[in-house]
Amino acid sequence: MPAASRLRPAVQADGGFLADMVVEAANWRQGGTRPRHQILASDEYSRYVAGWMRPGDEGFVALTEHDEAIGAAWYRVFPRSDPGFGYVGTGVPELIIGVKPMWRARGVGRELLRQLADQARSRGLSRLSLSVERGNYATTLYRSEGFAVTQSGMGRDTMVKRLR
């Protein structure tokens, strides 16, 4: 199967699909799925989609040739008083990415990461951050796209990509 046939900017109406992608990201382990309602009821995860699309939120949705949404990547800026998993500093957006399981390892995530980084760069941003649990195979993708570990925490690492 080819990678996504196209990417489009995320819009306010994509909030439900982005929530689905948060669930996919949280359930990356084989056989370790937690129910959608449990994940989205958690402040740790709901912060990534609550009130989508706030000023400063940007993202892209990957679509198949039949316009089926198969993945998304987006970023949000969090305040120091209410940081996300990958918070590194004021004004540094945190990237969130999710891809449906059958589309993983097919280039969809890479396309989404590259497009979002280009968008952030065009907006004058100098860095993007993300958080990834140790053992997640996506770490290899993030490293290959220029993200480097800047902080290690309990079972997860914060990674940053410099855009300029």
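Residues numbered from 1 in each chain as written. Predicted model: local features only at pLDDT ≥ 70, side-chain atom pairs only at ≥ 80, totals over all residues. Heavy atoms only, no water.

Caption draft 1: Inspection of the packing of aromatic side chains at higher detail. This model, assessed by the stated rule, comprises four aromatic pairs. Seen from their ring centres, Y45 and F85 are 5.4 Å apart, and the 65 degrees between their planes marks the pair as edge-to-face. Residue Y45 is located in helix 3 (residues 43–46), and its partner F85 is located in the loop between strand 3 (69–76) and strand 4 (94–99); the two are separated by 40 residues in the primary sequence. Seen from their ring centres, Y142 and F147 are 6.1 Å apart, and the 65 degrees between their planes marks the pair as edge-to-face. The residues Y142 and F147 share a single accessibility class, namely buried. Cluster of aromatic residues (ring-pair linked, three or more members): Y45, Y48, F78 and F85. (Phe/Tyr/Trp six-rings, centres within 6.5 Å; stacked < 30°, edge-to-face > 60°. Helix = DSSP H or I, 4+ residues; strand = E, 2+ residues; numbered from the N terminus. Buried < 20%, exposed > 50% of the residue type's maximum accessible area, 1.4 Å probe, protein only.)

Caption draft 2: Inspection of unusual backbone geometry at higher detail. Note the cis peptide between W52 and M53, where omega equals 25 degrees. Tracing the chain through its elements places M53 in the loop between helix 3 and strand 2 (58–63). Phi at D67 takes a positive value of approximately 65 degrees, unusual for a residue other than glycine. Positive phi values are uncommon outside glycine, yet A105 reaches one of about 65 degrees. Tracing the sequence through the fold places A105 in the loop between strand 4 and helix 4 (108–122).

Caption draft 3: Representation of the environment of P55. Within the secondary structure, P55 is located in the loop between helix 3 and strand 2. C-alpha separation for the pair P55 and R76, spaced 21 residues apart in sequence, amounts to 8.9 Å.

Caption draft 4: Layout of the pairing of strand 4. Burial runs high along strand 4: six of the six residues are buried. Neither face of strand 4 is exposed, since E94, I96 and G98 on one face and L95, I97 and V99 on the opposite face are all buried. Bridge count between strand 3 and strand 4: six bridges; the pairing is antiparallel. Bridging from a neighbouring strand, Y75 pairs with L95 of strand 4. (Pairing = 2+ DSSP bridges.)

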